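Observations on the three-dimensional arrangement
Spelled out from the first residue to the last, the chains are:
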Amino acid sequence: MKIELPDQAYKYVTENSGECDEETAFVLTHQNRAYLEDAKQHNAHSIIKIEDIAELFGVNKIKIIGITGTNGKTTTASAIYSFLLDLGYKAALQGTRGLFMNDEVCEGKTLTTPSVLNTYKHIYQAVCAGCEYFIMEVSSHALVQRRIEGLKFELKILTNITQDHLDYHKTIEEYIAVKNGFFQDESKKLINKDEPKAAFNFKNAYTYGIENPATYRLMAYSLNEGSSGIIQHFQEIVPFTASLHGFFNLYNLMAAIAATHLITDKTLEEIADVVDNFAGVSGRMEQVCAAPNVIVDFAHTPDGMQQVLNALKEKELIVVFGAGGDRDRLKRPIMGRVAASLAKKVIVTSDNPRHEDPEIIIDDILEGIQDKTNIIVELNRKKAIQMALDMQEDEEVVVILGKGDEAYQVIYDEKFAFDDREVVKELLNLS
Ligand SMILES: CC(=O)N[C@H]1[C@@H](OP(=O)(O)OP(=O)(O)OC[C@H]2O[C@@H](n3ccc(=O)[nH]c3=O)[C@H](O)[C@@H]2O)O[C@H](CO)[C@@H](O)[C@@H]1O[C@H](C)C(=O)N[C@@H](C)C(=O)N[C@H](CCC(=O)O)C(=O)O
Ligand SMILES: Nc1ncnc2c1ncn2[C@@H]1O[C@H](COP(=O)(O)OP(=O)(O)OP(=O)(O)O)[C@@H](O)[C@H]1O
Ligand SMILES: N[C@H](CCC[C@H](N)C(=O)O)C(=O)O
Ligand SMILES: [Mg+2]
């Protein structure tokens, strides 16, 4: 992707050597350094380092907030974005669900953290749109591949560190080190004090938590009809309410409230006043239908599933889920065990098999389930959802996990239209 930069000796910049020519400079990054010679072969106008053009993208004119962690990044980032807009600021949000600016969708889904030049382009767009804040999710892949090189963060946030992406990071120790690597400098940081695997530079460090003493501590909470809590920050003690469900979302809300307090001059009371306006994130604990009760959620890791199913444990659950192909294989049996231990009935199905045999993926999941009495296997995801709805009895809840607001099913390299929520509405003849 070429980007036109005005008033420079070159006309365009690119991070792809194949696009270089006499008027296009090659932006040398950690990721493309192996293609330097190829850029010269393509008569690149010049070779420039990403940090040498950072100010041309206005990266120093906007406060960049980076959020990493296994789960909760999109929810926490979206909450901060919502609070800032409601408090009268202009803000941009980049992450799994795409690029958003001042309440408008600017780009659809790409990567949770795009390539470095794509992020710089988005930051430039945000600066041009008058945004004071650029909130971005930082994935573990992005940390390893340094897709954030040259960026200075106003605030770095850690949600949690559990298991995911071991297909890429190989060991949990490596994955933990990658996540903690983001917090070793002296940048202002906000850390989940209840995350035992967190290890960070104490300089400019702030914490949030429920079980442990923290800079921002949840003194009390209730999970009836949404969630409510009382947050303490030194002498300040402030109540808030929210429409999000689940104990885990209290962490996301605490992180978002604390972050907003750290990056603005607003009081906790002013921030608490806008918390209830945040309606949550599409595809995260989204109730598609109340009667029969059908919930769609994006949980696709053992901890995510544990948190969501625990949040619904007062009900009898019929859980429909699978696991992504070309992703962490080791999490699959653990996901199976979590579902079997917390659900009354489980239907294991396909979820973006990509280049893997969906039956192999399901076998990996079943390996974690000892008692298979209440387990059904149905490869076809639509049929699996149909079966769940057909067997659902009055007080039971159908919980469909893993895809959230994804509107596709990835088979090999093809994306076929498939949205759990639309399938439920079609099968229930809802509008
Ligand atoms: C496994 C993985 O992360 N792959 C990412 C990686 O691809 P790669 O290492 O093959 O990169 P590459 O194609 O060799 O290109 C590397 C660099 O060399 C340059 N290049 C390449 C070829 C060439 O001839 N000349 C040249 O200059 C490219 O422009 C690029 O800058 O670097 C690419 C450029 O940044 C990414 O687009 C690509 O993401 C792929 C598409 C992907 O699916 N990644 C997923 C796994 C991912 O990143 N997911 C995370 C987390 C998801 C989550 O849990 O939320 C995400 O951030 O979305
Ligand atoms: N704080 C949390 N702790 C554990 N699980 C969570 C938390 N927040 C959300 N979840 C679960 O994880 C799922 C994904 O949440 P979210 O999209 O906010 O995470 P994410 O970190 O952005 O994920 P991804 O890395 O896939 O983009 C949710 O649907 C929910 O099931
Ligand atoms: N953004 C995450 C979520 C994947 C969700 C699941 N539906 C799958 O495709 O594995 C990833 O790329 O690992
Ligand atoms: Mg995300």
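Residues numbered from 1 in each chain as written. Chains lettered and ligands numbered in written order. Predicted model: local features only at pLDDT ≥ 70, side-chain atom pairs only at ≥ 80, totals over all residues. Heavy atoms only, no water.

**What to know about the overall build of the protein**
- When its secondary structure is counted, the protein shows 14 helices and 23 strands.
- Taken over the C-alpha trace, the protein has a radius of gyration of 22 Å; the compact-globule value for 431 residues is 22 Å, and the two agree within 12%.
- Total accessible area computed for the protein in this model is approximately 18500 Å², and 49% of it derives from carbon and sulfur atoms.
- Distance between charge centroids for the protein: 3 Å, based on 44 positive and 65 negative side chains. (Helix = DSSP H or I, 4+ residues; strand = E, 2+ residues; numbered from the N terminus. Rg over C-alpha atoms; globule rule 2.2 N^0.38 Å. Areas by Shrake-Rupley, 256 points an atom, 1.4 Å probe, with all protein chains shown as cover. Lys, Arg positive; Asp, Glu negative; His and termini not counted. Charge placed at Lys NZ, Arg CZ, Asp CG, Glu CD.)

**Quick notes on the sheet that holds strand 19 (residues 345-348)**
- Strand order in the open sheet made by the six strands is 16-17-21-18-19-20, with mixed pairing throughout. Looking along the sheet, the strands with just one partner apiece sit at the ends: strand 16 (286-289) and strand 20 (375-377). Between one strand axis and the next, the sheet turns by 20° as a mean value, whatever way the strands run.
- Where strand 19 meets strand 20, three bridges bridge the pair, whose relative direction is parallel. When the bridges of strand 20 are listed, Ile347 appears paired with Ile376.
- Contacts from helix 11 (residues 331-342) reach strand 18 (316-321), strand 19 and strand 20 within the one sheet, and its direction differs from that of strand 18 by about 155°. (Pairing = 2+ DSSP bridges. Axes fitted to C-alpha atoms, helices over the stretch in contact; angles between N-to-C directions. Contact = heavy atoms within 4.5 Å.)

**Let's talk about the UniProt feature "domain: Mur ligase C-terminal" (unreviewed entry) in the protein**
- Residues annotated in UniProt with the feature "domain: Mur ligase C-terminal" (unreviewed entry) correspond here to residues 283-404.
- Each end of residues 283-404 is marked by a C-alpha atom, and these two atoms are 4 Å apart; helix forms 34% of the span and strand 23%. (UniProt positions renumbered as here; feature names shortened; annotations may be inferred.)

**Here's the deal with the sheet that holds strand 15 (residues 236-242)**
- The 11 strands lie next to each other as 8-7-6-9-5-10-11-12-13-14-15, forming an open sheet whose pairing is mixed. Edge positions in the sheet fall to strand 8 (104-107) and strand 15, since each of these pairs with one other strand and no more. Between one strand axis and the next, the sheet turns by 20° as a mean value, whatever way the strands run.
- Both strand 5 (residues 63-68) and strand 9 (residues 133-137) contribute to a ladder of five bridges, which runs parallel. In the strand pairing of strand 9, Lys63 is matched with Tyr133.

**Side note on the coordination of the magnesium ion (ligand 4)**
- Donor atoms from the polypeptide that bind the magnesium ion (ligand 4) are Thr74 (OG1), Thr96 (OG1) and Glu137 (OE), placed at 2.1 to 2.2 Å.
- Sequence positions of the donors to the magnesium ion (ligand 4) reduce to the motif T-x21-T-x40-E. Of the two residues, Thr74 is situated in helix 3 (residues 73-86) and Glu137 in strand 9; the sequence distance between them amounts to 63 residues.
- Judged by relative accessible area, Thr74 falls into the buried class, the value being 8%. (Donors = N, O, S within 2.8 Å, 3.2 Å for Na, K, Ca; no water. Buried < 20%, exposed > 50% of the residue type's maximum accessible area, 1.4 Å probe, protein only.)

**Re the packing of aromatic side chains**
- Inspection of every chain in the model, using the stated rule, returns nine aromatic pairs.
- With a centroid separation of 5.6 Å and 90° between ring planes, the pair formed by Phe57 and Tyr120 is classed as edge-to-face. On the criterion of sequence distance, the pair formed by Phe57 in the loop between helix 2 (50-53) and strand 5 and Tyr120 in helix 4 (residues 116-128) is long-range, its members being 63 residues apart.
- With a relative accessible area of 1%, Phe57 lands in the buried category.
- Using a relative accessible area of 0% as the deciding quantity, one classes Tyr120 as buried.
- Arranged with centres 5.6 Å apart and planes meeting at 85°, the rings of Phe247 and Tyr251 form a pair that is edge-to-face. Here Tyr251 and Phe247 lie together in helix 8 (residues 247-263), a separation of four residues that amounts to about one turn.
- Its relative accessible area of 13% is what places Tyr251 among the buried residues. (Phe/Tyr/Trp six-rings, centres within 6.5 Å; stacked < 30°, edge-to-face > 60°.)

**A short note on the environment of Cys128**
- Assignment of secondary structure puts Cys128 in helix 4.
- For the pair Cys128 and Asp7, spaced 121 residues apart in the sequence, the C-alpha separation amounts to 16 Å.

**Brief notes about the site of ligand 1**
- Around ligand 1, the surrounding shell holds 16 residues, and the nearest of these are Gln31, Thr112, Ser139, Arg147 and His165.
- One nitrogen or oxygen atom from the main chain of Thr113 is found 3.0 Å from an oxygen atom belonging to ligand 1.
- If ligand 1 stood free it would expose 1100 Å²; the protein chains cover 63% of that surface.
- Grouping the amino acids of the shell around ligand 1 by side-chain chemistry returns three nonpolar, 11 polar and two charged.
- Residue-level mapping places the shell around ligand 1 at the junction of two domains, with at least three residues from each of domain 1 (3-53) and domain 2 (64-275). (Near = heavy atom within 4 Å. Polar contact = N/O pair within 3.5 Å; in protein donor to acceptor, adjacent residues only side chain to side chain. Nonpolar A, V, L, I, M, F, W, Y, C, P; charged D, E, K, R; others polar. Domains from an automatic or database assignment.)

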